[in-house]
Amino acid sequence: MRNLCMTVAYDGTNYNGFQTQPIGKTVQDELEASILALTGEKPKIIASGRTDAGVHAYAQVFNFHTASFIPADRWPLALNARLPQDIVLTRSWEVPPEFNSRHAAKRKTYRYTINANRYPDVFQRHMQFHHPAPKLDIEAMSEGLRHLVGTYDFTSFASRHSQKTNHVRTLLEARIEVDRSTCRPGTADQGFIHIFLTGTGFLQHMVRIITGTLLQVGEGKRDPGEMKTILLACDRAAAGPTAVGKGLALWNVDYGDLLPE
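In this report, the structure presented in the accompanying data block is examined.

Calculation notes
- Residues numbered from 1 in each chain as written.
- Predicted model: local features only at pLDDT ≥ 70, side-chain atom pairs only at ≥ 80, totals over all residues.
- Heavy atoms only, no water.
- Helix = DSSP H or I, 4+ residues; strand = E, 2+ residues; numbered from the N terminus.
- Rg over C-alpha atoms; globule rule 2.2 N^0.38 Å.
- Contact = heavy atoms within 4.5 Å.
- Areas by Shrake-Rupley, 256 points an atom, 1.4 Å probe, with all protein chains shown as cover.
- Lys, Arg positive; Asp, Glu negative; His and termini not counted.
- Charge placed at Lys NZ, Arg CZ, Asp CG, Glu CD.
- Buried < 20%, exposed > 50% of the residue type's maximum accessible area, 1.4 Å probe, protein only.
- Pairing = 2+ DSSP bridges.
- Core = buried A, V, L, I, M, F, W, Y, C linked by side-chain atoms within 4.5 Å.

It is worth spelling out the overall build of the protein at this point. When helices and strands are tallied, the protein shows five helices and 10 strands. Taking 2.2 N^0.38 as the reference for a compact globule, 261 residues should give roughly 18 Å; the C-alpha atoms of the protein span a radius of gyration of 19 Å, in line with that estimate. Restricting to contacts in the protein with at least 6 residues of sequence separation, those with at least 24 account for 72%. As displayed, the protein offers around 12,600 Å² of accessible surface, 51% of which is attributable to carbon and sulfur atoms. Taking the 29 positively charged and 26 negatively charged side chains of the protein as two groups, their mean positions are separated by 3 Å.

Among the nine residues of strand S1 (residues 2-10), eight are classified as buried, and the element is accordingly described as predominantly covered. In this sheet, strand S4 (residues 87-95) lies alongside S1 in antiparallel orientation, the contact comprising eight bridges. Among the inter-strand pairings, Thr-7 is bridged to a residue of S4, identified as Arg-91.

Now for the pairing of strand S3 (residues 56-66). Counting buried positions along S3 gives nine out of 11 residues, so the element sits mostly inside the fold. Taken together, the eight bridges between S1 and S3 define a ladder with antiparallel strand orientation. Counterpart to Val-8 in the pairing with S3 is Gln-60. Pairing of strand S2 (residues 46-47) with S3 involves two bridges; the strand directions are antiparallel. By the bridge assignment, Ile-46 is partnered in S3 with Asn-63.

Right, let's get into the nonpolar core. Judged by nonpolar contacts, the single largest core of 66 residues is most densely connected at Leu-31, Phe-62, Leu-145, Leu-148, Phe-157, Ile-195 and Leu-197. Considering each element in turn, this core owes the most residues, seven residues, to helix H4 (residues 206-218). Those residues in contact with Phe-62 that sit more than four places away from it in its chain are Leu-4, Cys-5, Met-6, Val-8, Leu-31, Ile-45, Ile-46, Ala-47, Leu-89 and Ser-101.

Below is the structure:
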């Protein structure tokens, strides 16, 4: 049996997340169905992580074992021809038999996108949270983010339904980038605000709750320093709302030297 590792990009709008669920269509279901159609095998996909319903990915990583002799570099073309258009395989490698895409991941990066222009973007509306007003204080949001970098108990920023017994996680990097190319001259448009969070692991809804709380900072409803107070409270009730799923995307999964560049 060969162990194949692949990266997949998908628009999660029409899916109930990545991982197979008892009810609902998932990205994993589509991938496994396409492999079955190609090889006649029913693989068990191991993913680098799961995503919630409506959440997207630019480079989700997964692996599976197969008896097929198809060369590794031919799999994306073969499977893309069988996948729906909102799921695209981008790379493929053969990896050692013991490689596990979940356990081998070193760090992950998520991106949350806020459209802070007056009008929604008709072409990207399903991948952004539209926040036309009030004007956001991006500097205050950036300051608030800095309080979260490090190793902490992130219970305050975890879903109440989290099944993890340990909520300690390490946030390695947190930054905001602003794309002002869509701002109309003479308006209060702020462009697209991208929040990037990189860590060794994340809790259910963690990025979305951080974002929802940061939006309150940007609106002037909270002081940036409150992010530290909220973090140390270890109480979900201390944080802000959970931002909508459609603005979130898994941006990258880093495996160090285990996978080719």
